[in-house]
Amino acid sequence: MFFVVVKGRRLVLHLVILLWTLGGVFSLWSWLTRPYPAPRIGIEGASAALVEQLFGKEQIREIVFGSAPELLIRLGDGKLDYLVELDTPTPGLISSYLGQLVPAVVVSFFDERMEMDLEGLLSLIDREPHQVLVSDALSLPGFPWSNIPVQYLPSSAVVDQLQMEQGKVGVIPLQDRSPAVRVLPLSGVTPLQTNPPYPLSRSLYLSHPPESLPQQLKDRVTKHQELQGISPDPWGNQITMLAVGDIMLDRDVKKVGLQKGWEHIFSEVAPRIRQADLALANLESPIGDKGHFINMFQAPPDAMAGVAYAGFDVVSLANNHTLDYHHAGMFETMRLLQEHGIEWVGAGKDIHEARTPLIKEVDGVKIGFLAYTEMWFVYSREPISWEATLDEPGVAPADVDMVVEDVKKRRDLVDCLIVTVHWGKEYVHEPTLEQQKLARAAVDAGADLVLGHHPHVLQGIEFYKRGVIVYSMGNFVFDLNRPKTWETMILEFSLSATGPLDMTVIPVYIFGVQPRILTGSHKDAVYRQIRDFSRQID
């Protein structure tokens, strides 16, 4: 009897130990296989915007602000998972380099200031802090504006406020810039280049404590990966694109081309154009020896060598001269363009082809081109539908509904969408209401850049919402005997996977028929005109 009781007690004890062991194993397995919760991230200062920009809002459980000592205590107590650190990571922590934070000093595009020194920035912050607009991603210690009542806003709002002249200067992360603002060199150093070092640049690190052995085992079981940030690279994955207005290669231009060579016409600007990754122009005259005369222009076949020598990659054929030598003249122009490695947009064998975008990918950036022309100024000595139809060749018409439909359809296919339009009244510096309506509708539909030509003179530039509208780039190669038609420009854009970043206006003047980049007071005078035309746009 005593033996049975003892044996029974041992059996119960064994069962308890077994259950306790199984419970422990189950708890351990449950802990090992349980996914990690979203991390808690600490940062010194008050820049939730920077943390969300680095890691994405959906990846974060909590953002904690505090001083460096407070955050380190919370990290050691297990109340934080990571720290975002500036300049130098804390010894003893496991740290990974996230990238460079480059605060760029910006002003509205047509602001007259071309640079600023660090002392001037410090003085402005001290005297008029309410006139200094700082991105909320830069609400961090250690900057000249820290602990000073400047205005903190989202980067996009800083750009908008500067456009409306609601502040004197803005400071935003370099990668948040747009063509509506200009980046100023600071004390002679531009943040657009990596060398020499920019005075406000700082390194970013992501730090966490060393993992214990159980945590390492859990990582193996769950295949857990450390938090990955979106490394800010303000200088990466960008290309340059140049755009110019009308190129006409007949009449007096043809005489010069035949006498001095077609390369001579472009010789003063070709070095600059050929430096760009992409170059766009409006080809205002058909080229070749096919077709028959129904309007004005046709340049000889050799003229295409000049266009190729200049460095143009894409031309618009959507204008009122593409069919000057009927359909055969247009198709011969296309053949010669293809022969010289130049692509075109805005015309085709039918309306479907004329409306088809040209999409190019350069160094990982996808750019889409669409081209159209107004039809009211088209003239022909023969009955012909200049506008492409379902069964007839021609150009794409600048119909608002058509443009909006095409832009919406292609917006998600590219990083940058460019619409070029032949429109407006000749020799008039003010855009028409129809130009403004079409341009703004295109931007509303998703166009990044709307580039205009046809007036033969310069018109203003409008920064509308997130888009840039250039109402007329003027002539580029032409022979008109009107001095205002000799003033022109090259537009240079920086394009990235996030859209256009920068725009530079390069004043140009046509000497005879030859465009040349201006310098000195003549350059300044043409630039001031462009600025004045732009400020007059309602």
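Just above sits the structure.
These lines cover the structure that appears in this document, whether it is placed above or below.

Rules behind the numbers
- Residues numbered from 1 in each chain as written.
- Predicted model: local features only at pLDDT ≥ 70, side-chain atom pairs only at ≥ 80, totals over all residues.
- Heavy atoms only, no water.
- Helix = DSSP H or I, 4+ residues; strand = E, 2+ residues; numbered from the N terminus.
- Rg over C-alpha atoms; globule rule 2.2 N^0.38 Å.
- Buried < 20%, exposed > 50% of the residue type's maximum accessible area, 1.4 Å probe, protein only.
- Contact = heavy atoms within 4.5 Å.
- Areas by Shrake-Rupley, 256 points an atom, 1.4 Å probe, with all protein chains shown as cover.
- Lys, Arg positive; Asp, Glu negative; His and termini not counted.
- Charge placed at Lys NZ, Arg CZ, Asp CG, Glu CD.
- 1 Å grid on protein atoms, 1.4 Å probe; cavity = no way out; pocket = protein on both sides within 12 Å on 5 of 7 lines; lining within 4 Å.
- Points joined across faces, edges and corners; volume = space filled by probe spheres on them.
- Nonpolar A, V, L, I, M, F, W, Y, C, P; charged D, E, K, R; others polar.
- Axes fitted to C-alpha atoms, helices over the stretch in contact; angles between N-to-C directions.
- Parallel < 35°, antiparallel > 145°, perpendicular 65-115°, else oblique.
- Left-handed = near helix turned anticlockwise from the far one by under 90°.
- Pairing = 2+ DSSP bridges.
- Salt bridge = Lys/Arg side-chain N within 4 Å of Asp/Glu carboxyl O.
- Expected span 1.5 Å × (residues − 1).
- Polar contact = N/O pair within 3.5 Å; in protein donor to acceptor, adjacent residues only side chain to side chain.
- Phe/Tyr/Trp six-rings, centres within 6.5 Å; stacked < 30°, edge-to-face > 60°.
- Core = buried A, V, L, I, M, F, W, Y, C linked by side-chain atoms within 4.5 Å.

Let's talk about the overall build of the chain
Helix and strand content of the chain: 15 helices and 26 strands. Taken over the C-alpha trace, the chain has a radius of gyration of 31 Å; the compact-globule value for 538 residues is 24 Å, which it surpasses by more than 25%. Out of the 538 residues in the chain, the part that is buried amounts to 53%. The contacts of the chain with a sequence gap of at least 6 include a subset with a gap of at least 24, amounting to 72%. For the chain, the exposed area adds up to about 24400 Å²; of that, 54% sits on carbon and sulfur atoms. If the 47 positive side-chain charges of the chain are averaged to one point and the 66 negative ones to another, these points end up 7 Å apart.

So, the layout of surface pockets
It is a probe the size of a water molecule, rolled over the atoms, that shows where empty space is left. Put simply, the largest pocket is a space of about 910 Å³. Lining the largest pocket we find 33 residues, and of these R182, E492, M503, T504 and V505 sit closest to its centre. Broken down by secondary-structure element, the contributors of at least two residues to the lining of the largest pocket are β9 (181–183), β11 (238–247), β24 (487–496), β25 (499–511) and α15 (520–535). It is β25 that contributes the most residues to the lining of the largest pocket, six residues altogether. Tallied by class, residues from the lining of the largest pocket come to 18 nonpolar, six polar and nine charged.

Let's talk about the packing of helix α13 (residues 400–410) against helix α14 (residues 433–445)
Close contact between α13 and α14 brings their axes to 8 Å; oriented N to C, the two are set at 25°. With respect to their mutual orientation, α13 and α14 come out roughly parallel. The two elements α13 and α14 meet at a crossing, and its hand is right-handed. For the pair formed by α13 and α14, the contact residues are V400, V403, V404, V407 and K408 on the first element and L438, A441, A442 and A445 on the second. Per-class residue counts for the contact of α13 with α14 are eight nonpolar, no polar and one charged.

Let's talk about the sheet that holds β9
In space, the five strands of this open sheet follow the order β7-β6-β8-β5-β9, with mixed pairing throughout. Each of the sheet's edge strands pairs with one partner strand only, and the pair in question is β7 (151–153) and β9. Neighbour-to-neighbour, the strand axes of this sheet turn through a mean angle of 35°, independent of strand direction. As paired strands, strand β5 (residues 103–108) and strand β8 (residues 169–173) are joined by four bridges and run antiparallel to one another. Bridging across to β8, P103 finds its partner in P173. Helix α5 (residues 155–163) rests against β5, β6 (132–135), β7, β8 and β9 of the sheet, and its axis sits at about 155° to β8.

Things to note about the pattern of salt bridges
In total, this model carries 27 salt bridges according to the counting rule given. With its nearest N and O atoms 3.8 Å apart, the salt bridge here joins K409 to E405. Here K409 pairs with E405, and both are found in helix α13, just four residues apart, close to one helical turn.

Concerning α15
Between the first and last C-alpha of α15 there are 23 Å, a value that for 16 residues agrees with the 22 Å anticipated at 1.5 Å per step. Within α15 the residues assigned to the buried category are V526, Y527, Q529, I530, R531, F533 and S534.

Concerning the side chain of T485
Note on placement: T485 falls in the loop between β23 (475–477) and β24. According to the relative accessible area criterion, T485 is buried, its value standing at 1%. Among the polar contacts made by the side chain of T485, one reaches the main-chain carbonyl oxygen of R482 at a distance of 2.6 Å.

Section: the packing of aromatic side chains
Per the stated rule, a full pass over the model turns up 14 aromatic pairs. Summarising the aromatic geometry, the rings of F109 and F463 are spaced 5.4 Å apart at their centres and angled 50° between planes, so their arrangement reads as tilted. Of the two residues, F109 is situated in the loop between β5 and α4 (118–127) and F463 in strand β21 (residues 461–464); the sequence distance between them amounts to 354 residues. Each ring, one from F266 and one from F312, has its centre 6.4 Å from the other, and the planes form 75°; the classification is edge-to-face. With F266 in helix α8 (residues 262–266) and F312 in the loop between α10 (303–310) and β13 (314–316), this residue pair connects regions lying 46 residues apart in the sequence.

Regarding the pairing of strand β16 (residues 358–362)
Of the two faces of β16, the one lined by L358, K360 and V362 is fully buried and the one lined by I359 and E361 carries no buried residue. Relative to strand β17 (residues 365–373), β16 is paired through five bridges, and the arrangement is antiparallel. What sits directly across from I359, in β17, is G368. Where β16 hands over to β17, the hairpin turn is made up of two residues, of which D363 adopts a positive phi near 50°.

Observations regarding the sheet that holds strand β10 (residues 202–208)
Here we have five strands laid out as an open sheet, ordered β2-β1-β3-β10-β4, and mixed in their pairing. If you trace the sheet from one side to the other, it starts and ends with β2 (62–66) and β4 (94–101), each paired once. Adjacent strand axes in the sheet meet at a mean angle of 25°, parallel and antiparallel pairs treated alike.

Some words on the nonpolar core
Counting residues in each nonpolar core, the largest one holds 86 residues, and the members touching the most others are F55, M241, F369 and L451. Look past the residues within four positions of F369 in its chain and what remains in contact with it is M241, L278, L280, V314, V345, P357, L358, K360 and I418. Ranked by size, the runner-up nonpolar core spans 44 residues in total, among them I294, L323, L336 and I490.

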